[in-house]
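# Coordinate inspection notes
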Amino acid sequence: NAPGLLQSLAHVARGEPFSYTSSSLGRKMVSLASGKARLHACIAVMNLSCSKSNKIEIANIPDVLEAMRDVMLGTHFTSGQVAQEARLKATTCIKNLSNADANDAALLGTPGLVEAVGHVARETCGGEGATTCTTNACLALMNLSISKGNKHRVFRTPGIMDALIAVITRTSPLQHSNSPNAEARVKACSALSNLAIGYDNKIPMFSYPGFVESILHVIDTDGGEARTKACSILWSFAAEMKNQVPVVQRGDILPTLVRVAEEDATTEARFKCVAALTLLAESLENAIPLLESGALAPLMVILHDAGPDPTQWKGQTASWCVGFLMNMAQSDEAVPALRESGVVELLAPLLTLDHYQSLKAAMAVTFVCRYDEGDETYDLLRKTENVIPKIISLLHNTLSGRGGNGYKYGVFTLRSSVGCIASLASGPDFMKERIATSPVFESLLRVVADFCVDGGTPGAIVGGGRDDGHSATLAVRALQSLTQHLIPIPGCSALPFDRIMEERLIIALQSFEVCTHEEVTDITRKLASDAKLRIQGGANISRELSSRGDGSVGNDTNDMNKSDDMMDDAVGSIAASFANNCCGLSIASDGESLFPSLPSHLQQHPPVSTPAAVAPSPTPNAVELSYFGDEIVEVDDSSASSHSTSSQSDSTIVRTFLLADQRTGRKFAVPSDPTGGRAFNDNRVWCYRRGRFCRVGESPDPNFRWSVELQAAYMAALEGQRRSLGSPSTTAPTTSGNGSVVGKQ
């Protein structure tokens with residue numbers, strides 16, 4: 001509090017007063033203060049800076065900061081020994097002041113001060129290693145690089161990178177962690193790690209001459225905290241998507257990461273390297289190099305050793321391993337190796353848990369199994385069904401820039417959530433059923449619109465926008481699959497959304513068709529065209545229905561009273577077949593066989609023809625019958641979430657088969673027993689799309705309307721089944737409005 005004391009000390013430390021001498025070289029400023037006086041002035045200021053309450057007040061005096069800068073640079077000193085001692089005190093003073101975050105602006109705002117700190121770090125670390133002065137200079141740079149707003153400013157300060165690289169290169173790891181060498185190396189690596197976290201620094205630091213080599217040297221020669229900090233730097237590099245492919249292409253970083261993941265079982269360095277490998281797997285181009293490097297085996301071992309209960313996991317390493325498998329599974333080329341390595345079996349226990357890890361595990365399994373068929377895969381995908389709402393929420397949250405239950409925004413790339421939706425959309429019908437909703441369409445529409453409508457929008461840290469062609473491609477694939485599910489044949493049905501949604505979808509798909517982005521292929525453009533044509537055809541139907549005013553397709557009573565000739569035509573246009581809704585099953589059209597995609601043990605050859613008495617038709621093979629159908633378990637509304645197929649009694653099982661209308665492509669799920677196995681007074685309505693009775697709050701899908709043609713085909717199918725099995729005839733009910741199984745809706 002003494003007025004002018006700090007300013008006076010600053011003047012002495014700087015060498016004032018000065019005199020000027022003239023020579024043939026010009027005027028020269030000479031300090032009249034002795035070296036000892038300057039040294040003691042620095043000691044006084046340094047001692048005052050040790051007190052927490054003094055730091056901010058001292059830093060607010062520009063004369064003090066400028067004096068410390070000049071002393072660190074050795075300005076106006078005549079004695080080398082005194083200059084070194086004074087430099088140590090001045091550097092220590094700046095280190096003390098940097099401990100207060102509030103001083104960052106003053107320190108960074110003093111011209112040449114940060115450059116002087118870097119100068120000290122480099123000059124005091126020579127062939128014999130570091131000194132205490134080196135450590136204090138590195139510590140000051142570490143403190144100044146902590147704040148997010150300072151990182152890029154410190155990084156672009158001339159001489160800082162070269163100084164820190166010099167320190168970590170010239171120091172060697174010693175047994176005693178309190179030695180100047182070890183301390184200086186740790187603080188230099190910490191400062192570099194802080195700088196590498198800066199978003200604007202990741203790319204230029206990765207390409208800075210000699211920097212990566214020096215970091216790898218630390219990892220190879222150090223086993224302590226400096227090594228952990230060096231691994232953190234590699235993690236930061238991998239977090240920048242534009243760095244991910246170049247990091248792998250270098251050829252020297254990937255083997256180092258894998259080696260640390262294999263060897264350092266108990267260190268934090270292993271965690272950093274596993275995280276880096278997970279981030280590198282975000283780029284699909286890296287999938288095969290990662291497999292070839294041997295990265296898969298150690299991460300699977302880590303996850304196996306962690307056990308099937310995420311609540312018992314220690315640390316975050318196992319969690320990153322699940323993320324690695326999820327990222328790798330998005331590569332078509334990597335899927336076979338993942339399948340053979342037992343990834344699905346390793347992740348299967350996580351699928352049924354109510355835990356954040358089940359989200360990543362379900363996404364990984366969905367990606368790995370997206371091309372598989374058969375009962376085993378179907379059962380696995382059924383296990384992921386309860387996670388589908390979380391996957392949908394992940395997509396919504398990512399687009400909204402927020403996190404969710406158990407994860408923060410930025411943990412998942414947009415490509416991951418959109419890709420998982422695309423995989424679900426290409427899976428079994430029950431998957432399509434769960435995601436063919438307005439919110440999912442809205443999110444997929446936003447991905448495509450942000451990519452190409454009106455030039456697109458800037459992307460986010462997780463991807464998206466005009467530069468993310470991969471996410472847009474996945475979104476178009478999902479839109480086409482879901483649109484085809486809802487509109488099997490263009491012009492015969494419409495999306496269950498409003499007209500505004502349809503118009504926005506058409507605009508986005510049209511923009512995608514003409515997009516010239518390098519990542520967009522002609523195949524994907526054709527998918528966009530297909531989806532657009534289906535939506536346009538459905539929009540025409542919607543307008544036609546709206547113009548009628550009653551929302552009906554026709555007069556149901558008249559439909560039921562049409563002549564028998566209509567029934568004859570109907571049998572020629574509707575194919576009745578049993579189907580197993582396992583993933584990969586597609587109902588044949590255009591004359592193709594109905595059965596090639598069924599598992600081998602389910603394939604049955606249908607009868608050669610349909611009884612002429614039941615269905616006289618120019619195409620006697622139009623109605624094909626099989627004797628296998630799904631058992632759809634009827635679940636009471638009060639226990640819909642807890643019942644399972646295995647726990648149901650025979651009386652509650654509804655056996656069904658599919659009637660496929662060749663004109664519209666709609667597949668109507670109807671009971672093999674016309675009574676549906678129900679009690680007579682049960683008046684619930686059957687939904688022909690879901691293949692079950694409507695639950696409380698549900699309504700039958702209006703696109704699946706029963707008609708006289710379907711009734712005729714249904715009767716013919718039952719009769720054909722009866723004759724094939726040699727069973728007594730079953731009397732089928734006529735259509736009625738009281739909720740009977742086969743009736744008008």
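See the structure shown above.
Attention in this report is confined to the structure presented alongside it. (Residues numbered from 1 in each chain as written. Predicted model: local features only at pLDDT ≥ 70, side-chain atom pairs only at ≥ 80, totals over all residues. Heavy atoms only, no water.)

In this section: a nonpolar patch on the surface. A grouping of Tyr 199, Tyr 409 and Ile 461 is seen on the molecular surface, where their side chains present a nonpolar patch of about 330 Å² in accessible area. Counting through the fold element by element, Tyr 199 comes out in the loop between α11 (180–197) and α12 (202–206). (Patch = residues over 30% accessible without salt bridge, like charges linked within 9 Å, V, L, I, M, F, W, Y side chains within 5 Å. Areas by Shrake-Rupley, 256 points an atom, 1.4 Å probe, with all protein chains shown as cover. Salt bridge = Lys/Arg side-chain N within 4 Å of Asp/Glu carboxyl O. Helix = DSSP H or I, 4+ residues; strand = E, 2+ residues; numbered from the N terminus.)

Let us look at the nonpolar core. A general trend in soluble globular proteins is that nonpolar side chains are found buried together. Core analysis: the largest hydrophobic core is formed by 181 residues, its most contacted members being Leu 277, Phe 324, Leu 347, Ile 421 and Leu 444. Counting residues per element, this core draws most heavily on helix α23 (residues 356–368), at 9 residues. Residues in contact with Phe 324, not counting those within four places in the same chain, are Leu 277, Thr 278, Ala 281, Leu 290, Ala 295, Leu 296 and Leu 299. Grouped together as the second largest cluster of nonpolar side chains are 14 residues, Phe 668, Trp 686, Leu 710 and Ala 717 included. (Core = buried A, V, L, I, M, F, W, Y, C linked by side-chain atoms within 4.5 Å. Buried < 20%, exposed > 50% of the residue type's maximum accessible area, 1.4 Å probe, protein only. Contact = heavy atoms within 4.5 Å.)

This brings us to the pattern of salt bridges. A complete count under the given rule lists 18 salt bridges for this structure. A salt bridge links Arg 259 to Asp 220; the nearest nitrogen and oxygen atoms lie 2.6 Å apart. Of this pair, Arg 259 sits in helix α16 (residues 253–263) while Asp 220 is found in helix α13 (residues 211–221), placing the two residues 39 residues apart along the sequence. Close ionic contact of Asp 701 with Arg 689 constitutes a salt bridge, the shortest N to O distance being 2.4 Å. Here Asp 701 is found in the loop between β8 (692–693) and α34 (708–725), whereas its partner Arg 689 is found in the loop between β7 (686–687) and β8, with 12 residues between them in sequence. What makes Asp 701 buried here is its relative accessible area of 10%. Residue classification places Arg 689 among the partly exposed residues on the basis of a relative accessible area of 24%. When salt bridges with common partners are traced through the structure, they connect Arg 14, Glu 66, Arg 69 and Asp 70 into a single cluster.

Glancing now at the packing of helix α20 (residues 317–328) against α23. Interaxial distance between α20 and α23 falls to 8 Å at its minimum, and their mutual angle equals 25°. When the axis of α20 is compared with that of α23, the two are roughly parallel. The two elements α20 and α23 cross, and the hand of that crossing is left-handed. Facing Ser 319, Val 322, Gly 323, Leu 325 and Met 326 of α20, the residues of α23 in contact are Tyr 356, Gln 357, Lys 360, Ala 361, Met 363, Ala 364 and Phe 367. Classifying every residue of the contact of α20 with α23 by side-chain character gives 8 nonpolar, 3 polar and 1 charged. (Axes fitted to C-alpha atoms, helices over the stretch in contact; angles between N-to-C directions. Parallel < 35°, antiparallel > 145°, perpendicular 65-115°, else oblique. Left-handed = near helix turned anticlockwise from the far one by under 90°. Nonpolar A, V, L, I, M, F, W, Y, C, P; charged D, E, K, R; others polar.)

A word on the packing of aromatic side chains. Inspection of every chain in the model, using the stated rule, returns 13 aromatic pairs. Ring centres 6.3 Å apart and planes at 85° place the aromatic pair Tyr 356 and Phe 412 in the edge-to-face group. With Tyr 356 in helix α23 and Phe 412 in the loop between α25 (388–400) and α26 (414–425), this residue pair connects regions lying 56 residues apart in the sequence. When the ring of Phe 451 is compared with that of Phe 512, the centres are 6.1 Å apart and the planes differ by 45°; the resulting orientation is tilted. Of the two residues, Phe 451 sits in helix α28 (residues 438–452) while Phe 512 sits in helix α30 (residues 499–513), which places them 61 residues apart along the sequence. Per residue, the accessibility class of Phe 451 equals that of Phe 512, and both read buried. Within the aromatic cluster, the residues linked to one another by ring pairs are Phe 668, Tyr 688, Phe 704, Trp 706 and Tyr 714. (Phe/Tyr/Trp six-rings, centres within 6.5 Å; stacked < 30°, edge-to-face > 60°.)

Our next topic: a negative patch on the surface. On the surface, Glu 285, Asp 467, Glu 518 and Glu 519 cluster together to form a negatively charged patch. Position of Glu 518 relative to the elements: it lies in the loop between α30 and α31 (522–548). According to the relative accessible area criterion, Glu 518 is exposed, its value standing at 76%. (Lys, Arg positive; Asp, Glu negative; His and termini not counted. Charge placed at Lys NZ, Arg CZ, Asp CG, Glu CD.)

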